[in-house]
Amino acid sequence: MTTTMAPWGDASALLAAAGVPEDPSYYRGYTEADERAALTVAMRIQAAWAANDADMFADVFTDDGSLLMRDEQLTSREEIRAYMSRGFAGPLRGARVKGWPVEVAFLTDDVALVVTEGGIIMAGQDDIAPENFIRATWVMLRQPDGQLRLVSHQSSPIRG
């Protein structure tokens, strides 16, 4: 039995509504409309890093969203906001992230799993330092109002 997946939305429109410029090169080989829509969540996070904007970053998450960042396990949008505010005011000031998708899978009509690789580019650097290279998993939820939110994000260092 084949199920028809409900559309996740138009990537360009989702990004425009969030005030984030679309980077078509980010999608790589993920060209289906739902894949592109799911990947807008990661593009919104990258934009929040580029702006060093903790509110923009936290607002991508569900209220009870989970973020594992280094050794910190954060379990709510407000914890995430506070953590990123401290980071962007301190050691992450001027940092940005760069990444790309390596897998996109739809677990249900309303839940997607995305795996990315990339990392943090610290202020004054031009690329990801080897010690900042990571692989990340993202669990995204399409809410009844059509908003795409991040339920869980976890990153692990990749050492070569």
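Procedures and definitions
- Residues numbered from 1 in each chain as written.
- Predicted model: local features only at pLDDT ≥ 70, side-chain atom pairs only at ≥ 80, totals over all residues.
- Heavy atoms only, no water.
- Pairing = 2+ DSSP bridges.
- Helix = DSSP H or I, 4+ residues; strand = E, 2+ residues; numbered from the N terminus.
- Axes fitted to C-alpha atoms, helices over the stretch in contact; angles between N-to-C directions.
- Contact = heavy atoms within 4.5 Å.
- 1 Å grid on protein atoms, 1.4 Å probe; cavity = no way out; pocket = protein on both sides within 12 Å on 5 of 7 lines; lining within 4 Å.
- Points joined across faces, edges and corners; volume = space filled by probe spheres on them.
- Nonpolar A, V, L, I, M, F, W, Y, C, P; charged D, E, K, R; others polar.
- Parallel < 35°, antiparallel > 145°, perpendicular 65-115°, else oblique.
- Left-handed = near helix turned anticlockwise from the far one by under 90°.
- Buried < 20%, exposed > 50% of the residue type's maximum accessible area, 1.4 Å probe, protein only.

## Digging into the sheet that holds strand β5 (residues 133–142)
Strand order across the open sheet formed by six strands is β2-β1-β6-β5-β4-β3, with mixed pairing between neighbours. Since the sheet does not close on itself, it has two edges, and those belong to β2 (72–74) and β3 (96–108), each with one partner. The sheet shows a mean angle of 15° between the axes of neighbouring strands, direction not considered. Strand contacts of helix α2 (residues 33–51): β1 (61–69), β3, β4 (111–121), β5 and β6 (148–157), with the helix running at about 150° to β3, the strand carrying the most contacts.

## Remarks on the layout of surface pockets
Approximately 430 Å³ is the volume found for the largest pocket. Around the largest pocket, the lining is made up of 29 residues, and of these M69, G119, I120, I134 and S155 lie nearest the centre. Taken together, the elements giving at least two residues each to the lining of the largest pocket come down to α2, β1, β3, β4, β5 and β6. Among the elements that line the lining of the largest pocket, the one with the most residues is β4, at five residues. Among the residues making up the lining of the largest pocket, the classes are represented as 15 nonpolar, nine polar and five charged. Taken as a whole, the second largest pocket holds about 180 Å³ of empty space.

## Some thoughts on the packing of helix α1 (residues 11–18) against α2
α2 packs onto α1 with a crossing angle of 25° between their chain directions and a minimal axis gap of 8 Å. Classified by the angle their axes make, α1 and α2 are roughly parallel. Every pair of crossing elements has a handedness; the one defined by α1 and α2 is right-handed. Across from A11, L14, L15 and A18 in α1, the residues of α2 making contact are R36, A37, T40, M43 and R44. A per-class count over the contact of α1 with α2 returns six nonpolar, one polar and two charged.

## A closer look at unusual backbone geometry
The backbone phi angle of R28 is positive, close to 50°, even though this residue is not glycine. Within the fold, R28 resides in the loop between α1 and α2. With relative accessibility at 52%, the residue R28 sits in the exposed group. Despite not being glycine, R70 has its phi angle at roughly 55°, a positive value. Take R70: it is sitting in the loop between β1 and β2.

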